[in-house]
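Topology and contacts: notes
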Amino acid sequence: MAVIEVDGLGKTYPGGTKALHDVSFQVPKGEVFCLLGRNGAGKTTLLRILATQLRPTTGRAVVLGHDVVHEAKLVREKISVVPQEARPQMMLSGYDHIYLMSLIRGMPRPEARKRTRAIMEEFDLWEHKDKLTADLSGGLRQRVMIAIALTMDPELIFLDEPTIGLDPLGRRQVWSMVRRLAKQGVTVLLTTHYMDEAEKLAGRLAIVDRGQMVFLGSVEAAKARAAHGMQVVVEPMNGNGGEPEVLSPTSDTEILAIVQRGIQEGRRVTFKPPTLEDAFIAMVGGGIDDEGA
Amino acid sequence: MMRAREAVYIGLFDSLPLLRDPMLLILLSLIAFLPVLFIFAFGVGGGALLASVVGAIVLSLAFAGIGSAQSVYFNKHWFRFQDIFVASRVSPISYALGLSVSTLLVSLPALVIAFAVLMLDTPMGVLGLLALLAVAGLTWMAMLLMGFALGASTKNTRRANSLPQLLGLLLGFLPPVYYPLSQLPPALQPLALALPTTNAAQLAKYYAGLIPLTPLEFWFGWAYLVGFVAAMVVIASRMAHWMDP
């Protein structure tokens with residue numbers, strides 16, 4: 001059974017902004033599913049609808065067997081969410097957050113204490129338990145936020161841009177947490193606009209652009225869409241004889257011609273297969289970094 | 001029972017940073033007592049001193065109630081804990097109650113002191129005390145609901161901090177809360193009576209035996225407070241959403 005079933009989902013905000021249009025997909029249990037798209041593409045809107053925080057205007061979404069609008073209460077029993085740019089209270093410790101959230105979610109005090117310790121140890125937070133979150137690094141703060149989401153053993157966790165603003169080490173810490181969750185059988189829906197993140201984590205991904213889903217499939221399938229996004233570097237063998245040429249052939253005939261020329265001129269020919277970023281740009285028609293530039 | 005537990009822990013979660021900082025808590029409590037200290041220092045008559053203690057109660061409740069605007073705004077847009085709670089078993093009622101409890105926890109020291117002073121220095125009986133508590137409760141609810149409506153409709157982080165403070169000041173300090181209504185020019189008195197804090201202060205001073213009220217003034221005060229709270233319930237419930245539209 002699919003953990004998430006989305007059929008023709010659409011959202012137009014009360015002001016008239018169309019954020020999502022006719023989106024359909026399914027996510028099976030235990031998958032890390034990435035929603036990839038530039039800022040404002042509709043990723044967060046989609047995630048918030050699935051997490052029962054926002055009403056859709058058209059279509060239907062079923063999460064863990066329950067309709068997100070009419071059976072929101074039943075969905076909420078089994079999910080957790082780490083909202084985009086969520087941050088802990090600076091004047092409380094990581095322990096305070098996780099312990100109090102366990103109590104709020106109905107755990108008796110002794111169990112909440114045990115659970116807090118177990119989660120903090122599992123995510124290497126225990127040694128920082130008494131530090132105010134104001135004194136923690138960005139990566140540790142984000143780990144606290146994800147740990148909060150795990151106080152109730154969710155079957156499905158929503159992570160909205162969980163590594164935004166983190167340094168490379170912080171990002172890797174979050175990635176390892178996501179992998180650990182997936183190993184435990186938790187389904188993860190994650191939004192990101194970082195290509196490397198999607199490439200490293202996603203079982204499958206959906207690319208969302210201007211509220212529409214322009215791709216659904218594996219990372220490899222996405223790359224295959226940009227088959228002719230391949231780059232060929234032609235450079236001198238011994239480091240002399242001019243600058244390397246970077247070529248972007250658009251057909252098999254062009255590739256063959258470049259190789260033949262390289263052999264004839266005694267130059268090294270290196271192929272760079274298309275990246276997810278190439279595929280993304282090919283599909284959405286512009287680089288993420290170009291937005292707003 | 002489970003919902004009450006949720007509310008208490010949400011309240012604790014929201015107020016814990018302040019409760020862990022007693023110095024800040026005392027400073028916040030002192031703000032309401034500053035006029036009392038001035039009146040005491042300048043030796044104005046005993047009646048004025050007790051009236052200013054009533055003012056301290058009203059101001060504390062005004063600031064505590066309207067302070068909910070900051071909790072509502074920051075939990076929704078800054079920390080995003082509201083979104084975390086929405087996607088969980090927590091009920092919207094528990095959440096709203098929790099944030100409300102949080103405002104009371106923070107204003108409790110000032111209120112306990114002020115009530116203790118009034119109990120010791122005025123001939124207020126048990127019924128008078130209960131009536132005074134009811135007035136205090138309505139004042140707090142009126143300001144609290146105003147805070148919820150304000151916090152839910154605020155879109156700007158800077159305003160989320162300044163607007164509640166400004167409103168607290170306008171409703172708590174400027175009207176005849178610390179000083180008698182009769183001190184205002186007659187033309188301004190009806191204007192002052194259009195504010196919930198003036199009516200609350202008038203009723204509180206009456207129950208503390210500090211001023212007389214005509215039956216019309218008495219019933220107007222109660223009707224105004226109850227009506228204001230009812231209106232605020234409607235406005236706040238329309239503006240504050242659990243699941244966004």
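Everything numeric in this text was worked out from a predicted model, so none of it was measured. (Residues numbered from 1 in each chain as written. Chains lettered and ligands numbered in written order. Predicted model: local features only at pLDDT ≥ 70, side-chain atom pairs only at ≥ 80, totals over all residues. Heavy atoms only, no water.)

Considerations on the interface of chain B and chain A
Taken together, the contacts link 28 residues of chain B with 39 residues of chain A. When chain B packs against chain A, the two sides together hide about 3100 Å² of surface, and 60% of this comes from carbon and sulfur. With its nearest N and O atoms 2.8 Å apart, the salt bridge here joins Arg20 of chain B to Asp96 of chain A. Elements that contribute at least two residues to the side of chain B that touches chain A include exactly helix 1 (2-19), helix 4 (68-78) and helix 5 (81-86) of chain B. Here the side of chain B that touches chain A takes ten residues from helix 1 of chain B, the largest share from any one element. For the side of chain B that touches chain A, the per-class residue count stands at 17 nonpolar, one polar and ten charged. (Contact = heavy atoms within 4.5 Å. Buried area = accessible area lost by both parts, 1.4 Å probe. Salt bridge = Lys/Arg side-chain N within 4 Å of Asp/Glu carboxyl O. Helix = DSSP H or I, 4+ residues; strand = E, 2+ residues; numbered from the N terminus. Nonpolar A, V, L, I, M, F, W, Y, C, P; charged D, E, K, R; others polar.)

Examining a nonpolar patch on the surface
Residues Leu24, Ile26, Leu27, Leu28, Leu30, Ile31, Leu34, Leu37, Phe38 and Phe42 of chain B make up a contiguous nonpolar surface patch of roughly 950 Å² in combined accessible area. Relative to the helices and strands, Leu24 of chain B resides in helix 2 (residues 22-41). (Patch = residues over 30% accessible without salt bridge, like charges linked within 9 Å, V, L, I, M, F, W, Y side chains within 5 Å. Areas by Shrake-Rupley, 256 points an atom, 1.4 Å probe, with all protein chains shown as cover.)

Section: the nonpolar core
Within the largest apolar cluster, 123 residues are counted, with the highest numbers of intra-cluster contacts made by Leu205 of chain A together with Phe81, Phe85 and Leu118 of chain B. Considering each element in turn, this core owes the most residues, 15 residues, to helix 7 (residues 126-153) of chain B. In contact with Phe81 of chain B, other than residues within four places in its own chain, are Arg87, Pro88, Gln89, His97, Met101, Met145 and Ile148 of chain A together with Phe13 and Asn75 of chain B. Leu64, Ile79 and Val208 of chain A together with Ala87 of chain B belong to the second largest nonpolar core, which has 30 residues in total. (Core = buried A, V, L, I, M, F, W, Y, C linked by side-chain atoms within 4.5 Å. Buried < 20%, exposed > 50% of the residue type's maximum accessible area, 1.4 Å probe, protein only.)

Considering the packing of aromatic side chains
Considering all chains together, one arrives at 17 aromatic pairs over all chains under this definition. Judged by centre distance (5.7 Å) and plane angle (25°), the ring pair of Tyr95 of chain A and Tyr99 of chain A falls under stacked. Here Tyr95 of chain A and its partner Tyr99 of chain A are both found in helix 3 (residues 94-104), four residues apart, which amounts to about one turn of the helix. Tyr99 of chain A gets classed as buried once you look at its relative accessible area, which sits at 14%. Measuring from ring centre to ring centre gives 6.0 Å for Phe220 of chain B and Tyr224 of chain B, while their planes differ by 40°; the resulting arrangement is tilted. Of this pair, Phe220 of chain B and Tyr224 of chain B both sit in helix 11 (residues 215-239), four residues apart, which is roughly one turn of the helix. The exposure class of Phe220 of chain B is partly exposed, given its relative accessible area of 40%. An aromatic cluster is present here, built from Tyr206, Tyr207, Phe218, Trp219 and Trp222 of chain B joined pairwise through their rings. Against the face of Trp78 of chain B rests Arg87 of chain A, its NZ or CZ located 3.9 Å from the ring centre. (Phe/Tyr/Trp six-rings, centres within 6.5 Å; stacked < 30°, edge-to-face > 60°. Lys NZ or Arg CZ within 6 Å of the ring centre and 35° of its normal.)

Concerning the domain arrangement of chain A
Partitioning chain A into domains gives domain 1 (32-54 + 71-223) and domain 2 (231-272). Distance from the C-alpha centre of domain 1 of chain A to the C-alpha centre of domain 2 of chain A: 44 Å. (Domains from an automatic or database assignment.)

What about the pattern of salt bridges?
Residue and element names in this part refer to chain A. Counted under the stated rule, the structure contains 24 salt bridges over all chains. The closest approach of N and O atoms between Arg204 and Glu31, which form a salt bridge, is 3.0 Å. Of this pair, Arg204 sits in strand 9 (residues 204-209) while Glu31 sits in the loop between strand 2 (18-28) and strand 3 (32-36), and the two are 173 residues apart along the sequence. Accessibility expressed as a relative area gives 21% for Arg204, which makes it partly exposed. As a salt-bridge pair, Asp209 and Arg210 come within 2.8 Å of each other at their nearest N and O atoms. Of the residues examined, Arg210 reaches a relative accessible area of 62% and is grouped as exposed.

A few points about helix 3 of chain A
Of all eleven residues in helix 3 of chain A, eleven are buried, a share of seventy percent or more. Of all the positions in helix 3 of chain A, only Gly94, Tyr95, Asp96, His97, Ile98, Tyr99, Leu100, Met101, Ser102, Leu103 and Ile104 of chain A are classed as buried. In this fold, the buried residues of helix 3 of chain A make contact with helix 4 (109-122) and helix 5 (138-149) of chain A together with helix 1 and helix 5 of chain B. Gly106 of chain A lies just past helix 3 of chain A and shows a positive phi near 95°.

Things to note about the sheet that holds strand 8 (residues 187-192) of chain A
All names here are of chain A. As summarised here, the arrangement of the six strands in space is 6-7-8-3-9-10, forming an open sheet in which the pairing is mixed. At either end of the open sheet lies a strand with only one pairing partner, and these are strand 6 (79-82) and strand 10 (212-217). Ignoring strand direction, the axes of neighbouring strands in this sheet form an average angle of 15°. Here strand 3 runs beside strand 9; their pairing, made up of four bridges, is parallel. Within strand 9, the position partnered with Leu36 by the bridge is Ile207. (Pairing = 2+ DSSP bridges. Axes fitted to C-alpha atoms, helices over the stretch in contact; angles between N-to-C directions.)

Observations concerning the pairing of strand 9 of chain A
Residues and elements named next belong to chain A. Summarising burial for strand 9: five of the six residues are buried, a large majority. Both strand 9 and strand 10 contribute to a ladder of five bridges, which runs antiparallel. Counterpart to Leu205 in the pairing with strand 10 is Gly217. Where strand 9 folds back on strand 10, the antiparallel hairpin that results is connected by two residues, among which Arg210 adopts a positive phi of roughly 50°.

Let's talk about the layout of surface pockets
If you add up the space inside the largest pocket, you get close to 1200 Å³. Looking at the largest pocket, it is lined by 44 residues, and the ones nearest its centre are Gln82, Ala152, Ala240, His241 and Trp242 of chain B. Secondary structure elements with two or more residues in the lining of the largest pocket: helix 1 (43-50) of chain A together with helix 4, helix 5, helix 6 (92-121), helix 7 and helix 11 of chain B. Per-class residue counts for the lining of the largest pocket are 25 nonpolar, eleven polar and eight charged. Forming the walls of the second largest pocket are 34 residues, and the residues nearest its centre are Leu18, Leu28, Gly67, Gln70 and Val106 of chain B. Listed by contribution, the elements that provide at least two residues to the lining of the second largest pocket are helix 1, helix 2, helix 3 (46-66), helix 4, helix 6 and helix 8 (157-172) of chain B. Top contributing element to the lining of the second largest pocket by residue count: helix 2 of chain B, with six residues. Its residues assigned to classes, the lining of the second largest pocket shows 18 nonpolar, 14 polar and two charged. (1 Å grid on protein atoms, 1.4 Å probe; cavity = no way out; pocket = protein on both sides within 12 Å on 5 of 7 lines; lining within 4 Å. Points joined across faces, edges and corners; volume = space filled by probe spheres on them.)

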